[in-house]
Amino acid sequence: MELKAPEQELSRFRARVAAAAVFVLVGFSLIVARFVYLQIVRYDYYATRAEENRISLLPIVPNRGLIMDRNGVVLTRNYSAYTLEITPSKVRNLEDTIDELAEFIDIQTKDRKRFRKLLEESKNFESLPIRTRLTDEEVAKFIARRYKFPGVDIKARLFRQYPFGEFASHAIGYIGRINQKEMARIEDDEDLAANYRGTEHIGKTGLEQSYEKELHGITGFEQVEVDASGRAVRSLARTPPIPGNNLQLTMDAELQRIAEQAFGNRRGALVAIEPGTGGVLALVSTPRFDPNLFVDGITPDNWDVLNTSLDKPMINRALNGAYPPGSTFKPFMALGALVTGKRAANVAIADPGYFVFGNNTFRDDKVGGHGMVDMVKSIVVSCDTYYYTLANEMGIDLISDFMGKLGFGSRTGIDIEGESTGVLPSQAWKKKRFKKPEQQKWYAGETISIGIGQGYNAYTPLQLAHATATLAAGGIMFKPHIVKYVVDAQTGQRRVVEPTPVADLGFKPEHLDVIRRGMVGVMTGGTGARAFAGAKYEAAGKTGTAQVFSLKGGKYKESETHERLRDHALFIAYAPAKDPKIALAVLVENGGFGAAAAAPIARQVLDYYLLGVKPAGAAPEDADADPEDAHTHD
Amino acid sequence: MPTLTRKTPTPMINLTDLRLFLLRLVRPIDPFLLGVTLCIMACAYLMMLSASPERMNAHILNIIVALGVMWIIASQPPPRLHSFALPLYVLGVLLLIGVALFGDISKGARRWLNLGVMRIQPSELMKIAMPLMLAWYFQKREGALKVRDFLIATLLLAMPVGLIAAQPDLGTAILVLGAGVFVIFFAGLSWKLIIPVGVLGIAAVVAVIIFQTDICAPEVNWPGLHDYQKHRVCTLLDPSSDPRGKGFHTIQSTIAVGSGGFLGKGWRQGTQTHLDFLPERHTDFILAVISEEFGLAGVLIIAILYCLLIARGLMIASNAATLFARLLAGSVTMIFFTYAFVNMGMVSGILPVVGVPLPMVSYGGTALVTLCLGIGILMSVQQHRRRR
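Calculation notes
- Residues numbered from 1 in each chain as written.
- Chains lettered and ligands numbered in written order.
- Predicted model: local features only at pLDDT ≥ 70, side-chain atom pairs only at ≥ 80, totals over all residues.
- Heavy atoms only, no water.
- Pairing = 2+ DSSP bridges.
- Helix = DSSP H or I, 4+ residues; strand = E, 2+ residues; numbered from the N terminus.
- Contact = heavy atoms within 4.5 Å.
- Buried area = accessible area lost by both parts, 1.4 Å probe.
- Salt bridge = Lys/Arg side-chain N within 4 Å of Asp/Glu carboxyl O.
- Polar contact = N/O pair within 3.5 Å; in protein donor to acceptor, adjacent residues only side chain to side chain.
- Nonpolar A, V, L, I, M, F, W, Y, C, P; charged D, E, K, R; others polar.
- Domains from an automatic or database assignment.
- Buried < 20%, exposed > 50% of the residue type's maximum accessible area, 1.4 Å probe, protein only.

### Details of the sheet that holds strand β18 (residues 483-487) of chain A
As summarised here, the arrangement of the 4 strands in space is β2-β10-β18-β19 (chain A), forming an open sheet in which the pairing is mixed. Each having just a single partner strand, β2 (67-68) and β19 (494-496) of chain A make up the two edges of the open sheet.

Structural data, given as structure tokens:
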């Protein structure tokens, strides 16, 4: 027993060792099986995951296309500058960090305010600029202290600059930081989302907005190897970006400048169109604004100024202001009479100075009337009675039909977004516009004032210019456009924006001739004569004055009316009358008489465009002229 | 009890007889064990050059110290080791109690004891003291083992393991527990007890996996376990639940392993390793570096080396002269298995991240010295093996 016990114990121990060996083998087999599974069976999956870890695609934002006028004058530029940017999610205390940065970098209250505004509009993980356009010295100062500021970095960014400031601001528009709504729209479209990776700005208004697709370009990508913290270690491959296309406009910068200056401090709009192409030569809305304010994110102070101003500089009056056309409507009414056969050109009416319809008396501006008036004379002297009776004879729906064909009351399709439709009154329109049954009914009396461009009539200056251009082109209507060519920035290849004839209204030459004679008469012996005295070309035009405030029965005295309640001054024209090269519409808000306020602006524009003559003084001479003295009415 | 017939080496060295000196120097060394150990260390050297070349000097110093310790222990006869068992165990438990009362806190765990001159981690001592103590106890009760003895052994084991787990240091607790459990197993614990416990354990693991979503809900508290331990288990079950935090280690390590394929990306070519995606690449996750750069082939080589080491260790245990030596050698051998298994499971994402290094490959002096001490024990047992 003494000897046997250890032997027995030893053999039992050896059995346990064998069991342990089996245990070890099973254990290692499990482990090896797991490695076989990971490294052989799932190899492709994990190899892909490792590559995804390692490789990151960094977007390379393309240069935005430039905008040039028809003669190649550059209206927008790009420049590269250093910005100091903060990623809020990576910064512990934002205010303290900014205070510390302000110790060696000039950060003003307006920079802080703008940053706060950007912060409200953005997500936390975005990198937001606290200062733009750093000086080299500031860059050096920051780099030396960079280690103290995690989440703060200097980045080289491309900036948009509008070298002429307020010039043509409503036409060109501006770019600004992409907001959340725009981001959502971009992310909805997979291709768009890919192309906007890295892009921070987008066109907000004007051409910058409507030609965003052309101007943006195609984002390039750099394949970089990154480490776990996302830092790029080395570049693997690079697909260069394709810069955005440049835009060459039909707009003539000098013409635009002369037109803008002609407005002086007055509010208004001017649209000049090339008849026969629809090319927009000038598109003015005053007051203007400085688009440069928006590029880095507008400061709240500037935003407040622009938005609370009574002058509403942000509104593009040419496209979004709707005004009664006043007497500028008369040539179109006359043409309508001829086309619809409601009144022949040689039919004359006797004008006693008023028109009685039911219980209402509609007055003509000239007391005692114009005597016997035919169609040409009705345009030249702007006889209201002639058009009261004409409107009454045509009826609202016939007027509405004809004016609708000329583009009144519908969008012209210009290559700027957000155009208003205006109001082309008709029975159907009224029914839709009002809710109460008694308001929905069209009264025949309401048709009368439609004939002289008042009443419910409300059109944009663009529509007025568009109709004038159609008239000048003999009834062939072109879609207005500001861009002439889209130019490939790399090859210089031009893609022409072809003039698009929208409709041929089929006007008869003899009808057009009547209207032209009337409108030429306006310029030689009528309300436009003074403004166009000595013009070395034959122009066809019509002045207009649109009531802002209804004066019941009483006579309107401009000097006694509050400035904002004064009438709007209008003017339409095309020239040369026989072979029109330019058609335009001018509106001066609360300008008073069209002949005094609007026609001189048109004169400067036409003089420059047709003769190359620049106005002598910067400010229009007739700003303070007494209209009573100049003309009794328009 | 075998008697010691051999003379103990005298401190005096006869310079005239260099051959005798060298013979004495190499006598305690088991060439097979040393060969496998050096192979593993060569792998470690190669991987350290890739994963953390700046630590090469420190690593080589660690290896020299560890090999020195190995030689010293190998030169000790088992009875001397036997005499150390009780004092070491008592000292270890006292120090662990000291840690629980006065220990320094580092990274959320109370593991260190500041002795004024140095900071020590007593749990490391228990990795060797534990099998020594249990082997000593069973040796003492040789031939008269009763159920009661197994209960006492369990108690001796549970005390330090509980203290270590409470620090909390789950990794070391598992290693100490493993070392003790294997002593008890080799001492002859009845299969009738082992099988039900094993089945229960497997059932528990399966249950955890099945009811993962319920028990991992944030409001559920696990009795006896810390929140971070719950997190480790839960992120293991579903690493994607916390990809930036707790799950990051597991996810990135699994990617490193899987993307290695059969032959790997090449030495120093691992993208997961060299672009910092892989955490703890020179310590606990060095196997992920091997897997990424040398693929399945590299893993198999490492696994085979451990198998050879363990096979040799079990052979030494079978041939040991005394019960004490047998149990000690068997248990120390199985420590290597526990280390390797837990680490490999951790790296490949089937075990929670508990901070167990890959034995003799991961960077870190303490673990290396402890493991080489174990090799030294095996060599000592082999030197004084049973003679037929």
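### Quick notes on the interface of chain B and chain A
Listed as interface residues are 55 residues of chain B and, on the opposing side, 35 residues of chain A. Together chain B and chain A conceal approximately 3800 Å² of surface at their shared face, both sides included; 72% is due to carbon and sulfur atoms. Inspection of the region where chain B meets chain A yields 0 salt bridges. Our enumeration of links across chain B and chain A arrives at 10 residue pairs in polar contact (both at pLDDT 80 or more). Breaking the side of chain B that touches chain A down by element, the ones donating at least two residues are α7 (170-186), α8 (191-210), α11 (247-260), α12 (271-274), α13 (286-318) and α14 (323-347) of chain B. Ranked by residues supplied to the side of chain B that touches chain A, first place goes to α13(B) with 13 residues. Its residues assigned to classes, the side of chain B that touches chain A comprises 31 nonpolar, 18 polar and 6 charged.

### Concerning the domain arrangement of chain B
All names here are of chain B. On domain assignment, one finds that chain B holds domain 1 (31-75 + 245-346 + 360-388) and domain 2 (82-190). Facing the 19 residues of domain 1 at the interface are 18 residues of domain 2. Buried area between domain 1 and domain 2, summed over both chains or domains, comes out near 1700 Å², and the portion from carbon and sulfur atoms is 82%. When the area that domain 1 buries against domain 2 is broken down by residue, the three leading residues are Leu323, Phe324 and Leu327, summing to 35%. In this structure, the connection of domain 1 to domain 2 is made through 4 residue pairs in polar contact (both at pLDDT 80 or more).

### Considerations on unusual backbone geometry
The omega torsion across A:Ala575 and A:Pro576 is -15°, close enough to zero to call that bond cis. Relative to the helices and strands, A:Pro576 resides in the loop between β22 (568-575) and β23 (582-588). Here the bond from B:Gln167 into B:Pro168 is cis, since omega is 0°, no more than 30 degrees from zero. Structurally, the position occupied by B:Pro168 is in the loop between α6 (147-165) and α7. At A:Arg133, a position not held by glycine, the phi torsion is positive, near 50°. Take A:Arg133: it is sitting in the loop between β4 (128-131) and α5 (136-145). Residue classification places A:Arg133 among the partly exposed residues on the basis of a relative accessible area of 42%. Even without glycine at this site, A:Ser382 takes up a positive phi of about 60°. Here A:Ser382 lies in the loop between α16 (375-380) and α17 (384-394). On the basis of relative accessible area, A:Ser382 is assigned to the buried category, the value being 1%.

### Quick look at the side chain of B:Ser50
Within the fold, B:Ser50 resides in helix α2 (residues 31-51). B:Ser50 sits in the buried class, given a relative accessible area of 3%.

### A short note on the side chain of A:Ser169
With respect to the helices and strands, A:Ser169 occurs in helix α6 (residues 169-172). Other than its neighbours up to four places away in sequence, A:Ser169 contacts A:Arg288, A:Phe289 and A:Pro291.

### Points about the domain arrangement of chain A
Along its sequence, chain A is organised into domain 1 (79-161) and domain 2 (253-295 + 315-630). For domain 1 of chain A versus domain 2 of chain A, the distance between C-alpha centres works out to 51 Å.

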